[in-house]
Amino acid sequence: MNLRNAAPPFVRAEPTSASMLRTVLFALCALLVIPTVRYGIRPLTMAGVSVLTCLVCEILANLLRTGGFSVTDPSFAVTGLVLALLMPLNAPLWLPCASGAFAVLVAKAPFGSFGRNPFNPAAAGAAFAALCWPGLMFTYFDPSEPFRLPAFADCTFRTGVSAAATLKNGLKPDILPLDMLWGEAAGPLGTGAALVVGACALLLLFSRAAHWQAPVCFLAVCALLAALFPRIACSPLTSVKYELLSGSLLFGGVFLVSDPVPAPYTASGKGIYGAFAGAALMAFRHFGVCEQGAWFAVLLANAASPLIDRAVFRVRGWEEKPHG
Amino acid sequence: MIPHGVRLEPRKGVPLKNGIVRLPGPEPVSAPQTFAPLKKNAGPSRIIAAAEKAGIVDESDGMPLGKKLSRLARRGPGLLIARCFDEDPCTSSARAVFREDAEKVAAGLKLAARACGAEEKRLAVASRGEARRLRGLRLGIPAVVAGRRYPAGILLMRKLCRNGGRAAFLGAQACAALADAAREGKPQSETVVTVAGDGVRRPVNCRVRIGTPVEKVLRLAKPEEDVRIAAVGSAVAGRTVRDLSLPVTAATRCVIALRDAPPERRYPCIRCGRCARACPAGVIPWLVYRELESGDPDPLLFFHAGDCAGCRACNAVCPSGIDLAAEVRRAAARKEGGEG
């Protein structure tokens, strides 16, 4: 017997950080299935180039920082996949690459990489793309007539109007609710299929890969504000339905708001953080220029999360008081 | 912060219905010398003297029972509890002792309660089923069910002491040994050890002479060839041994053989906040860690770092594999004025 020394504990209680990231990756890959079946392999190439860019940027950043090539965690793949899923499928392939590079090189690496980034890198990358190329970010092809998109080349297409844009113009979207559930409407690549996103949310919750406080508070506040202040003339419940199913609200709630790294530490802080992001998102939808802005709301809440932590500390009396 | 403890992943333990296997000593060892048994209504000082004479060590904290009882007698605990449950999922020695002879454990607890003047006594058992079994035995001592979450002992203590009550734990084996010493004048010469883990083919609870090498105990459970880790004490807070000729002591509750070392990779803190929920002592390990990492720690933010009980629930729950217990110890040392 060749015995070794090791540090306890020898039994574990929770998933490790890497296995949590792998669960998120699995959930994100599940979102690629329906678009791939419907439009050919372009969704896969888009996700592939996006993840590859993030990997290259991560290695570059590691070279600059530590002089080593090794990539220790799969968080770059999560960033890449989230970015690809937030883009329209007809966007040129350099768009996810550019935003992925921004996400890793500007929003993540300078702060010390995974675990220390104050902002969600994917949200930062998407915000960057939406600010620089709003035309490309918010132009969607019309999925009503089935056709396949080329794998790599830029494509010509007939534009469709997304539900979020229709709502922004104060009109009722002309989309069947069933199509919204399966994502058969103009919109970003991976955010439309509400049923799949919901299944992913359940997977993340039950495998304990994500906490529930922030996403639940986020969705609850969004639904409440949608019911109280509908943007279109309809019943509160219809407003809630369209607001939740349009744009990247649901996807943002499940994959961006649930990221624990830029969120507050405390459970109640996470709830406030989610609620704040929800309120910010609904404000952007009402008063903002862009048709959707989940990433802006998440970035704003990220910036507020240290303040939320301090507020929770003060309320609980954990600050400015010597403890035994 | 309300402590919730940790739900540890369940492990295949030792089947309790197999009972306790006795490991015979290979070389002829003379039977331990007995002394005069106690009279039926012996006073506290005589019971404490008998515990000292029998050399009983409480397996739950490694303290000599005589010393512990006299200390408790000075303080006067309201409630004395015998620990008939095991905290970590691999160990079942306390449960096996309780299954084997609950009457003896109860008799020992009664003696100990008389010795330290406890007003109330309870048997803390692992599950509701065990509590039902205990009621069936009609021993006259009520049961209290310890939770399934780690560290069950500290969490139970907090629950019982919530209203300012005072309580103390005694190990089940120490209670049984005290009953033996009082009835037959027998010193504590044996202890029950669980041998388990994925590195053994036949996990077993065995009664061994104190001082038996760990190797012999491990051999009894048929270890695999590729055992990499042998840990004693606990699967969560124990320590590894490389030298298997080390002796089994009265406080060795388990020997755990594992084929794979736990992963050593560390990730940065991902701010999940699970350590603070797990800590039974009210320490906020992530805050302590963050402060120590910051380079300029504020000792005012080391909440209750000195209260750390060393249960390592925070380590077991941390998804990034950070040694939070060591950080909390460092912080406590800093707070005391020394450099951690």
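Remember, predicted model here, so these are calculated numbers, not experimental data. (Residues numbered from 1 in each chain as written. Chains lettered and ligands numbered in written order. Predicted model: local features only at pLDDT ≥ 70, side-chain atom pairs only at ≥ 80, totals over all residues. Heavy atoms only, no water.)

Student: Describe the pairing of strand S3 (residues 120–125) of chain B, naming the residues involved and giving the relevant values.
Tutor: Residues and elements named next belong to chain B. As judged from the 6 bridges shared by strand S2 (residues 79–84) and S3, these two strands associate in the parallel manner. For Cys84, the partnering residue across the bridge sits in S3 and is Val125. As paired strands, S3 and strand S4 (residues 143–145) are joined by 3 bridges and run parallel to one another. Counterpart to Leu123 in the pairing with S4 is Ala143. Chirality of the crossover, the property in question, places the unit of S3, helix H5 (residues 128–137) and S4 among those that are right-handed. (Pairing = 2+ DSSP bridges. Helix = DSSP H or I, 4+ residues; strand = E, 2+ residues; numbered from the N terminus. Right-handed = clockwise from strand over helix to strand, strands pointing away.)

Student: Describe the confidence of the model for chain A, and please don't skip the residues or the numbers.
Tutor: Confidence along chain A averages 89 in pLDDT terms, with 97% of residues attaining 70 or more. Considering each helix and strand of chain A separately, the mean pLDDT is smallest for helix H8 (residues 177–182) of chain A, with a value of 79, and largest for helix H10 (residues 213–228) of chain A, with 96. (pLDDT = per-residue confidence, 0-100.)

Student: Can you explain the sheet that holds strand S1 (residues 20–22) of chain B? Please cite residues and give values.
Tutor: Residue and element names in this part refer to chain B. Strand order in the open sheet made by the 6 strands is S1-S7-S6-S10-S8-S9, with mixed pairing throughout. Each edge of the open sheet carries a strand with a single partner, namely S1 and strand S9 (239–240). Two strands pair when backbone bridges link them, and strand S8 (residues 229–232) and strand S10 (residues 254–258) are joined in this way by 4 bridges, in the antiparallel orientation. Within S10, the residue paired with Ala230 across the bridge is Ala257.

Student: Describe the pattern of salt bridges, naming the residues involved and giving the relevant values.
Tutor: Should their charged atoms come close, side chains of opposite charge can pair. In this structure the tally under the stated criterion is 19 salt bridges over all chains. Between Lys68(B) and Asp61(B) there is a salt bridge whose closest N-O contact spans 2.9 Å. For Asp61(B), a relative accessible area of 42% corresponds to the partly exposed category. Among the salt bridges present, the one from Lys186(B) reaches Glu184(B), with a minimum N-O distance of 3.9 Å. The class of Lys186(B) is partly exposed, set by a relative accessible area of 34%. For Glu184(B), a relative accessible area of 43% translates into the label partly exposed. One salt-bridge network, held together by shared partners, links Arg231(A), Glu243(A) and Arg285(A). (Salt bridge = Lys/Arg side-chain N within 4 Å of Asp/Glu carboxyl O. Buried < 20%, exposed > 50% of the residue type's maximum accessible area, 1.4 Å probe, protein only.)

Student: Residue-level account of a nonpolar patch on the surface, with values.
Tutor: Residues and elements named next belong to chain A. A cluster of nonpolar side chains, namely Leu52, Val56, Leu60, Leu105 and Val106, defines an oily patch on the protein surface of about 420 Å² accessible area. Contributions of two or more residues to the nonpolar patch are made by helix H2 (42–66) and helix H4 (94–108). Per element, the largest residue contribution to the nonpolar patch is 3 residues, and it comes from H2. By secondary structure assignment, the location of Leu52 is in helix H2. (Patch = residues over 30% accessible without salt bridge, like charges linked within 9 Å, V, L, I, M, F, W, Y side chains within 5 Å. Areas by Shrake-Rupley, 256 points an atom, 1.4 Å probe, with all protein chains shown as cover.)

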